[in-house]
Amino acid sequence: DAKTTQPPSMDCAEGRAANLPCNHSTISGNEYVYWYRQIHSQGPQYIIHGLKNNETNEMASLIITEDRKSSTLILPHATLRDTAVYYCIVRVTSGTYKYIFGTGTRLKVLA
Amino acid sequence: GAVVSQHPSRVICKSGTSVKIECRSLDFQATTMFWYRQFPKQSLMLMATSNEGSKATYEQGVEKDKFLINHASLTLSTLTVTSAHPEDSSFYICSARSDRGRWEETQYFGPGTRLLVL
């Protein structure tokens, strides 16, 4: 199973872009990268996922490097409600497609 | 779409009793559901994978006789913590994997159940 590495914490000013990096250097060619966030005492919320192309939705953008060994989640205009723990996950491609959670990045958006 | 519910949201029980937690996918069918536990300030740890109509697959170190999982339909999985003890106190979270469509294979998480064993 591919392992992900994320910085333990980051701060971001409200209204600015939050760029959250993730290293997944052992990712296999057909493994997807998923991003979730968890606000205190709630279940994780799906944000975005991708394979090798950059992806964008109403919540965020996902930039995956050409070698697929790292990715960056971008929240274009962070708000106080974006304060959460953000998890980058490489999904297992066989069997049950289970997730192995890493330690995540605790993002704090500052007013 | 893709809503997952859990019941109850909080439960307090006495040591030695059993507690059942339900996980439902409300607007999609889920052949596979997952159960996680999370201790304070820690990440989610996968406990088991629940497959509709078959036995659950447990992660290494998780006691299958302690944590009974039943996945009787495509929208419901249950986790029963048997003979609960204080060390079983934790935040239990389920997820359901969508089987088809644009969001195929993406997991959607429930809101979690906080268990406190006295």
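Look up: the structure comes first, before these words.
Residues numbered from 1 in each chain as written. Chains lettered and ligands numbered in written order. Predicted model: local features only at pLDDT ≥ 70, side-chain atom pairs only at ≥ 80, totals over all residues. Heavy atoms only, no water.

Another point: the state of the cysteines. Residues and elements named next belong to chain A. In this structure the tally under the stated criterion is two disulfides over all chains. Between the sulfur of Cys22 and that of Cys88 lies a disulfide, 2.1 Å long from S to S. Judged by the torsion about the S-S bond (-80 degrees), the Cys22/Cys88 disulfide is left-handed. Of this pair, Cys22 sits in strand E2 (residues 18–23) while Cys88 sits in strand E8 (residues 84–90), and the two are 66 residues apart along the sequence. (Disulfide = S-S within 2.5 Å. Helix = DSSP H or I, 4+ residues; strand = E, 2+ residues; numbered from the N terminus.)

A few words on the packing of aromatic side chains. Taken as a whole and judged by the stated rule, the model has 16 aromatic pairs over all chains. When the centroid spacing of 5.3 Å and the interplanar angle of 80 degrees are considered together, the rings of Tyr36 of chain A and Phe109 of chain B count as edge-to-face. Taken together, the positions of Tyr36 of chain A in strand E3 (residues 33–38) and Phe109 of chain B in strand E10 (residues 107–109) put the pair across two chains. The pair Tyr36 of chain A / Phe109 of chain B is uniform in exposure class, with both members buried. Taken together, the ring pairs connect Tyr32, Tyr34, Tyr36, Tyr46, Tyr87, Tyr99 and Phe101 of chain A together with Phe28, Tyr36, Tyr108 and Phe109 of chain B into an aromatic cluster. (Phe/Tyr/Trp six-rings, centres within 6.5 Å; stacked < 30°, edge-to-face > 60°. Buried < 20%, exposed > 50% of the residue type's maximum accessible area, 1.4 Å probe, protein only.)

Attention shifts here to the pairing of E8 of chain A. Residue and element names in this part refer to chain A. The buried count for E8 comes to seven of seven residues, which makes it a mostly enclosed element. Burial along E8 is two-sided: Ala84, Tyr86, Cys88 and Val90 and Val85, Tyr87 and Ile89, pointing in opposite directions, are all buried. Pairing of E3 with E8 involves six bridges; the strand directions are antiparallel. Bridging across to E8, Val33 finds its partner in Val90. (Pairing = 2+ DSSP bridges.)

Right, let's get into the environment of Thr78 of chain B. Residue and element names in this part refer to chain B. Relative to the helices and strands, Thr78 resides in strand E8 (residues 76–81). Given a relative accessible area of 10%, Thr78 falls into the buried group. For the pair Thr78 and His7, spaced 71 residues apart in the sequence, the C-alpha separation amounts to 9.6 Å. Discounting chain neighbours no more than four positions away, the residues touching Thr78 are Lys20, Ile21, Glu22, Trp35, Leu68, Ile69 and Asn70. (Contact = heavy atoms within 4.5 Å.)

What follows covers a nonpolar patch on the surface. A grouping of Ile12, Leu116 and Leu118 of chain B is seen on the molecular surface, where their side chains present a nonpolar patch of about 310 Å² in accessible area. By the secondary structure assignment, Leu118 of chain B is in the segment after strand E11 (113–117). (Patch = residues over 30% accessible without salt bridge, like charges linked within 9 Å, V, L, I, M, F, W, Y side chains within 5 Å. Areas by Shrake-Rupley, 256 points an atom, 1.4 Å probe, with all protein chains shown as cover. Salt bridge = Lys/Arg side-chain N within 4 Å of Asp/Glu carboxyl O.)

Residue and element names in this part refer to chain A. Taken together, four strands build an open sheet; the order of strands is E2-E7-E6-E5 and the sheet is antiparallel. Unpaired on one side and paired on the other, E2 and strand E5 (55–56) mark the two borders of the sheet. Sheet topology note: the E5/strand E6 (residues 61–64) ladder contains two bridges and is antiparallel. Bridged to Glu55 within E6 is Leu62.

Turning to the side chain of Ser25 of chain B, a few remarks are in order. Residues and elements named next belong to chain B. Secondary-structure assignment places Ser25 in strand E3 (residues 19–25). For Ser25, a relative accessible area of 4% gives the class buried. Here the side chain of Ser25 touches Phe28 through a polar contact of 2.7 Å, landing on its backbone oxygen. What Ser25 contacts, discounting residues up to four positions off in sequence, is Val3, Val4, Ala30, Met33, Leu74, Thr75 and Ala96. (Polar contact = N/O pair within 3.5 Å; in protein donor to acceptor, adjacent residues only side chain to side chain.)

Okay, the interface of chain A and chain B next. Taken together, the 18 residues of chain A in the interface contact 23 residues of chain B. The largest contributions to the chain A side of the interface with chain B come from Thr96, Tyr99 and Phe101 of chain A, which together make up 27% of the buried area. Joining chain A to chain B, the criterion identifies one salt bridge. Residue Glu59 of chain B pairs with Lys98 of chain A through a salt bridge whose shortest N-O separation is 3.1 Å. Taken together, the links from chain A to chain B amount to eight residue pairs in polar contact (both at pLDDT 80 or more). Secondary-structure elements contributing two or more residues to the side of chain A that touches chain B are E3 and strand E4 (45–50) of chain A. A breakdown of the residues in the side of chain A that touches chain B according to their chemical character gives eight nonpolar, eight polar and two charged. (Buried area = accessible area lost by both parts, 1.4 Å probe. Nonpolar A, V, L, I, M, F, W, Y, C, P; charged D, E, K, R; others polar.)

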